[in-house]
Amino acid sequence: MLELSAVTAGYEPRRPVLRDIDLDVEQGESVGLLGPSGCGKSTLARVAALLHRPESGHVVVDGETVHDWRYRAPRELRTAFGVVFQQPRLSADPRLRLAALIAEPLRAVGRTGEIPRRVEELAATVGLGAELLARRPHEVSDGQLQRACLARALVLRPRYLVCDEMTAMLDASTTAALVAVVEDYRRESGAGLLAVGHDRTLLERWCGRTVHWSQLTGDRGGDRAQDLEPAGRTAPGTA
Ligand SMILES: Nc1ncnc2c1ncn2[C@@H]1O[C@H](COP(=O)(O)OP(=O)(O)OP(=O)(O)O)[C@@H](O)[C@H]1O
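Reading the values: the criteria
Residues numbered from 1 in each chain as written. Predicted model: local features only at pLDDT ≥ 70, side-chain atom pairs only at ≥ 80, totals over all residues. Buried ≥ 20, exposed ≤ 12 C-beta atoms within 10 Å, placed from the backbone. Helix = DSSP H or I, 4+ residues; strand = E, 2+ residues; numbered from the N terminus. Pairing = 2+ DSSP bridges. Domains from an automatic or database assignment. Contact = placed C-beta atoms within 7 Å. Nonpolar A, V, L, I, M, F, W, Y, C, P; charged D, E, K, R; others polar. Near = placed C-beta within 6 Å. pLDDT = per-residue confidence, 0-100.

Draft legend 1. Representation of the pairing of strand β3 (residues 30–34). Burial analysis of β3 places five of its five residues in the buried class, which makes it a mostly covered element. The alternating pattern of β3 places Ser-30, Gly-32 and Leu-34 and Val-31 and Leu-33 on opposite faces, both of which are buried. Judged from the five bridges that link them, β3 and strand β8 (residues 192–197) form a sheet pairing that is parallel. Within β8, the position partnered with Val-31 by the bridge is Leu-194. Of the pairings in the sheet, the one linking β3 to strand β9 (residues 209–212) comprises four bridges and is parallel in character. The residue of β9 that forms the bridge with Leu-34 is His-212.

Draft legend 2. Fine view of the domain arrangement of the chain. Partitioning the chain into domains gives domain 1 (1–80 + 162–176 + 192–228) and domain 2 (88–158). On a C-alpha basis, the centroid separation for the pair domain 1 and domain 2 is 24 Å. With eight residues of domain 1 at the contact, the number on the domain 2 side is six residues. In terms of residue class, the side of domain 1 that touches domain 2 is made up of four nonpolar, two polar and two charged.

Draft legend 3. Layout of the site of the ligand. Around the ligand, the structure places Tyr-11, Val-17, Gly-35, Ser-37, Gly-38, Cys-39, Gly-40, Lys-41, Ser-42, Thr-43 and His-198. Examining the composition of the shell around the ligand, we find that three residues originate from one element, helix α1 (residues 41–48), more than from any other. A class-by-class count of the residues in the shell around the ligand yields three nonpolar, seven polar and one charged.

Draft legend 4. View of the confidence of the model for the chain. Mean pLDDT for the chain: 90, with 91% of residues reaching 70 or above. Low confidence marks residues 221–239, where pLDDT is under 50. Its contacts with residues over four positions away, or in another chain, come to 38 contacts.

Pasting the structure below:
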């Protein structure tokens, strides 16, 4: 289980974005996190994925308390997470062809022998053909690049997936395709999922449990219904 307890985190001393937040994701569970823009969802997702050190509180991953974040975290913990962000262009090295981008985590942990087979498997899973794999990020669409970023997030077979507005920039059919890839992986691997977004309908269809920001904060800071995106942008077939 991924356990966040009493997490306080932010970017400036004494001005936390999150205060005393508790959130659990069981293995095999899919949890949607819904809230208005700017409330701190991405910050919480980054703390959960060990990418942002909280000021206080605890993060426990399958019984192991986290003491270090980012590159200081032990490799075994870092590689337990696959993360997909909203804007693939900000998280993709523009110099890498898509095949190399998908293989990046395997290369980083020295498992280069697995690269050809895993890239081929995952390219098929996310729907990228050989011709696209040979292109660089500026030569593909946002949706194609996000497919590669999802493949990269899955390449080490993570125990937890954190999808931070993964589909916010995508059309309905690409959204449905990527959600299906995540769900197939989750069912087959037993991984836990934290999916962050604004789209209530999408998250409620996608996830077994949807948590509203106001439930995490006890209405401190307030989750106002009118700040949430209206239903209707949801991809068909994502239920
Ligand atoms: N790197 C940063 N440095 C300083 N402040 C930041 C940084 N990143 C985010 N913030 C601030 O922290 C607050 C929470 O931001 P965060 O991105 O976590 O919200 P969010 O709920 O994910 O928003 P959105 O739904 O719009 O993506 C915002 O006020 C934002 O301006």
